[in-house]
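Each chain is listed here by its residues.
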Amino acid sequence: MFHVLRSPDGSIQQVSKVPLPSSEPIEESDPELHTFWAGASSQPLFGAADAEFVRVIEDLIDVLITKNLIMHTDLPDAAQRKLTFRKGLRNRVLGALDLLDSDDRVL
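Now for a look at the structure at hand. Along each chain, the written sequence defines residue order, and numbers are assigned to residues from 1. Where totals are concerned, whole chains, interfaces and linings use all residues; where local detail is concerned, this predicted model gives features only for residues with pLDDT of at least 70, and gives and counts side-chain atom pairs only at 80 or more. Water and hydrogen atoms were dropped before computing side-chain values, which therefore reflect all heavy atoms in the structure.

1. Looking at the pairing of strand E2 (residues 12–16)
The line we're drawing: At least two bridges found by DSSP between two strands is the condition for calling them paired. Helix and strand definitions here come from DSSP, where helices need a minimum of 4 consecutive H or I residues and strands a minimum of 2 consecutive E residues; each element is numbered from the N-terminal end.
Note: strand E1 (residues 2–6) against E2, four bridges, orientation antiparallel. The residue bridging His 3 from the neighbouring strand is Ser 16, located in E2.

2. So, the packing of aromatic side chains
The cut-off we apply is this: Pairing of aromatic rings covers Phe, Tyr and the six-membered ring of Trp, with a centre-to-centre limit of 6.5 Å; geometry is then stacked below 30 degrees between planes, edge-to-face above 60, and tilted otherwise. When accessible area is computed with a 1.4 Å probe and restricted to protein chains, residues below 20% of their type maximum are described as buried, those above 50% as exposed, and intermediate ones as partly exposed.
Taken as a whole and assessed by the stated rule, the structure comprises one aromatic pair. Aromatic pair Phe 2 and Trp 37: ring centres 5.3 Å apart, planes at 80°, arrangement edge-to-face. Of this pair, Phe 2 sits in strand E1 while Trp 37 is found in helix H1 (residues 31–41), placing the two residues 35 residues apart along the sequence. Judged by relative accessible area, which is 32%, Trp 37 ranks as partly exposed.

This is the structure in structure tokens:
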């Protein structure tokens, strides 16, 4: 169950997992909710922000592993595979093309 806030024209403006003042409940399977999410994910700003945020999460995981707060093997198998794959892609792109600055710079 989700809770939505609507704009004056009746379209979904905001979605929350918890009730908000003036929100109304809506089922997860509601087509209107799926339309809202499809529209949000198709906006270019969300795609760019998501890509940048994924990199932040990858860097955070690397820091936690480097500081021995977690081990790579503590992550679920699927997460281990995805992280290893993305790290391999980044290394190939950086090494083969040398187009991107290294993130290892000291500022």
